[in-house]
Amino acid sequence: MELREIEEQENDVVLLKKKKMKMKLRKKRNREERKEQLKEEETEELLQDPLEAFGGDIMLKILQNLKSRSVAPTLLVSRAWNDVASSDTLWTPKNRGV
């Protein structure tokens, strides 16, 4: 082999190593981006309004299991919460206990 061929082979090896490193870095970056995306999606789910997530009927059932003192602040959260929390079906049984 000539010196020139040996140099070309060495250059090819170096180029292959560089390509492999770039691929590894790209894969690592993609994994990190996917992790970040998942974190953002989880955060969005955690920040979602329970009334929107569960609906009024289920929230009413949940509020029925709470004491009046715990239900009262929910009247001030929003109009939608006020609509659910001011329901007669919620307060009638609670007023009987007073």
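One can find the structure itself at the top, above this paragraph.
Now for a description of the structure that goes with this document. (Residues numbered from 1 in each chain as written. Predicted model: local features only at pLDDT ≥ 70, side-chain atom pairs only at ≥ 80, totals over all residues. Heavy atoms only, no water.)

Some details on the overall build of the protein chain
The helix and strand tally for the protein chain stands at six helices and zero strands. The order of α-helices and β-strands along the protein chain, N terminus first, is α-α-α-α-α-α. Here the C-alpha atoms of the protein chain give a radius of gyration of 31 Å, more than 25% beyond the 13 Å that 2.2 N^0.38 yields for 98 residues. Considering only C-alpha atoms, the protein chain reaches an extent of 100 × 20 × 20 Å along its principal axes. The proportion of buried residues among the 98 residues of the protein chain is 13%. Look at the contacts in the protein chain between residues 6 or more apart in sequence, and 45% of them connect residues 24 or more apart. Only carbon and sulfur atoms are counted for the fraction: they give 53% of the accessible area of the protein chain, which is about 8900 Å². The average position of the 21 basic charges and that of the 19 acidic charges among the side chains of the protein chain differ by 5 Å. (Helix = DSSP H or I, 4+ residues; strand = E, 2+ residues; numbered from the N terminus. Rg over C-alpha atoms; globule rule 2.2 N^0.38 Å. Buried < 20%, exposed > 50% of the residue type's maximum accessible area, 1.4 Å probe, protein only. Contact = heavy atoms within 4.5 Å. Areas by Shrake-Rupley, 256 points an atom, 1.4 Å probe, with all protein chains shown as cover. Lys, Arg positive; Asp, Glu negative; His and termini not counted. Charge placed at Lys NZ, Arg CZ, Asp CG, Glu CD.)

Some words on the nonpolar core
Formed by Leu51, Met59, Leu60, Leu63, Val71, Trp81, Val84, Ala85, Leu90 and Trp91, the largest nonpolar core amounts to ten residues. Residues contacting Leu90, with those up to four places away along its chain left out, are Leu60, Leu63, Gln64, Val71, Val84 and Ala85. (Core = buried A, V, L, I, M, F, W, Y, C linked by side-chain atoms within 4.5 Å.)

Let's talk about a nonpolar patch on the surface
A contiguous nonpolar surface patch, about 340 Å² in accessible area, is contributed by Phe54, Ile58, Ile62 and Leu66. Residue Ile62 is classed as partly exposed on the basis of its relative accessible area, which comes to 38%. (Patch = residues over 30% accessible without salt bridge, like charges linked within 9 Å, V, L, I, M, F, W, Y side chains within 5 Å. Salt bridge = Lys/Arg side-chain N within 4 Å of Asp/Glu carboxyl O.)

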